[in-house]
Amino acid sequence: MEKNCYILGIESSCDDTAAAVINNDVILSNVVATQKIHEAYGGVVPELASRAHQQNIVPVVHQALQQANIDKKQLSAIAFTRGPGLMGSLLVGTSFSKSFAFGLDIPLLDVNHMQAHILAHFIKAKGQEPPSFPFLALTISGGHTQIVRVSDYFDLQVIGQTIDDAVGEAFDKSAKILGLPYPGGPLIDAHAKKGDSKKFMFPKPKVSPLDFSFSGLKTAVLYFVQKNVANNPNFIQENLEDICASLQHTIVDYLMDKLKNAVKQTGITRVAIGGGVSANSGIRAALQEAEQKYGWHVHIPKFEFCTDNAAMIAMVGALKYKQKYFADNTVTANARMKL
Ligand code: KG4
Ligand code: ZN
C-alpha cells in the first residue's frame, strides 16, 4: 500500500455516529458521537437514531479529518458500514459515503460491521497484540452475540449465534426490570462486584452447543422479581447487589460454556472478544482464568475499539484497499448483511 494512504471510516449502524482516519494500520483519529436521546426511552428508537445520524455525520467527519490533521483531498478511499444494523441509520452513512467518495473521485469500500468488530484486533495500538490465524472471535454487545471461526481476514465462518436477544440486551432488559436506567449493563456489573453470585439461581437456556438464547432469561428475571416483590416490596433494594451478582454469574458462565464448546469442537485455543459487553469484569475475569486453567490465548482490544466505532471500519477498509476489494457506486445498505 502506498505510504500516504489515508482511509476515512464511517460507522452509523445503530446509535453511534462515528468517523475515523487510518494511515497504514495506525489510527490517526477516532471520533464517536453517542446519541444520548435514547436513554429517556430505555432503548434505541430507530427513527430518532436516523435523525441524530443526519445531524451528527458532517461535524463528526469534519472532526475526524481535523484530528488526523489531513485535508479531505488527501483521502485515498472511504470505508463505510454497509450492514448489518438499523436500515434508517445505515442509509445515512451509506448515502453520505457514496456522495463524498463520488465528489472526491476516490474509491468506496463497503464494510460488514461484524467483520469490523473482529478485525479491530488488527489495529496497531500499544498493548494490543493481534491474534494469529486461526482464532475464535466472540462478539458480544447490545446488538450481537456470535462465535466466529476466523481463518483469515476474509475467511470467516459463523459457528454459533443467538437465536433471539443479544447478550447486551439481556443485561439491559434485566436492569430495566430491576429499575436501573439504560444502558444497565455497566450498572449490573458495578453492583455485581459487591454481591454474592451464589445467592440466587437463574436458568441457563438450552439450545444447541454453540448457539445462545437470552429471551428466557429476561422472562425468568421478570417472574423472579414479581414473585419476590409481591412478598416484600423492598426486595429489590434489599437484594440488588446479590441479584446483579447472581445474574452476571449466570450470563458469564453461559458465555464461557459456549466458548469451551467452540474450543473443544474446533481445537482452536486462541480466543478474541469484542463488543461493548467485553468491558464486563466478570467475563474478563473468566477469560483470564481460562488462560491459566486451559492455556487459552485471550485477546481483548482496547475499549475504544470494542464498542461501536469507526476505527474498526477504517481498519477493514485498509485491508480491503490493499486487495482492491472496492465497491461500485450502486452499492446499497443491507440491514441483514451476513458475514
Ligand atoms: O458495542 P456497544 O457499545 O454497542 C452495541 O450494542 O453495538 O455495546 C453496548 C452494550 C450495552 O448493552 C451495554 O449495556 C453493554 O454493552 N455493556 C456492558 C458493560 N459495558 C457495556 N454489559 C455488561 N457489563 C459491562 N461492564
Ligand atoms: Zn457493534
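**Q** Before we move on, could you go through the overall build of the protein chain and cite the residues and values that matter?
**A** The number of helices and strands found in the protein chain is ten helices and ten strands. Over its C-alpha trace the protein chain gives a radius of gyration of 20 Å, about what one expects of a compact globule, namely 20 Å for 339 residues. Based on the C-alpha atoms only, the size of the protein chain along its principal axes is roughly 65 × 45 × 30 Å. Split into buried and exposed, the 339 residues of the protein chain put 55% on the buried side. Looking at the protein chain alone, contacts between residues at least 24 apart form 74% of all its contacts between residues at least 6 apart. Accessible area of the protein chain: about 15,200 Å², with a carbon and sulfur share of 51%. In the protein chain, 32 side chains carry a positive charge and 30 a negative one; their mean positions are 2 Å apart.

**Q** Now, about the site of ligand 1: what can you tell me, with residues and values included?
**A** Contacts to ligand 1 come from 18 residues, most closely from G142, D172, D189, G276 and N280. S141 places a polar side-chain atom, nitrogen or oxygen, 3.4 Å from an oxygen atom of ligand 1. In the model, an oxygen atom of ligand 1 is placed 2.9 Å from a nitrogen or oxygen of the G276 main chain. When isolated, ligand 1 has an accessible area of 550 Å², and the protein chains bury 87% of it.

**Q** Which residues make up the coordination of the zinc ion (ligand 2), and what values do they have?
**A** Only H113 (NE2), H117 (NE2), H144 (NE2) and D308 (OD) from the protein reach the zinc ion (ligand 2) as donors, at distances of 2.1 to 2.3 Å. Metal-centred angles of 92 to 160 degrees between the four donor atoms at the zinc ion (ligand 2) mark the site as irregular. Positions of the donor residues of the zinc ion (ligand 2), expressed as sequence spacing, correspond to H-x3-H-x26-H-x163-D. Note that H113 and H117 are positioned in helix α3 (residues 113-119) at a spacing of four residues, about one turn of the helix. We note that H113, like H117, is buried.

The rules behind each value
- Residues numbered from 1 in each chain as written.
- Chains lettered and ligands numbered in written order.
- Predicted model: local features only at pLDDT ≥ 70, side-chain atom pairs only at ≥ 80, totals over all residues.
- Heavy atoms only, no water.
- Helix = DSSP H or I, 4+ residues; strand = E, 2+ residues; numbered from the N terminus.
- Rg over C-alpha atoms; globule rule 2.2 N^0.38 Å.
- Buried < 20%, exposed > 50% of the residue type's maximum accessible area, 1.4 Å probe, protein only.
- Contact = heavy atoms within 4.5 Å.
- Areas by Shrake-Rupley, 256 points an atom, 1.4 Å probe, with all protein chains shown as cover.
- Lys, Arg positive; Asp, Glu negative; His and termini not counted.
- Charge placed at Lys NZ, Arg CZ, Asp CG, Glu CD.
- Near = heavy atom within 4 Å.
- Polar contact = N/O pair within 3.5 Å; in protein donor to acceptor, adjacent residues only side chain to side chain.
- Donors = N, O, S within 2.8 Å, 3.2 Å for Na, K, Ca; no water.
- Tetrahedral: all angles 85-135°; square planar, octahedral: opposite > 155°, others 65-115°.

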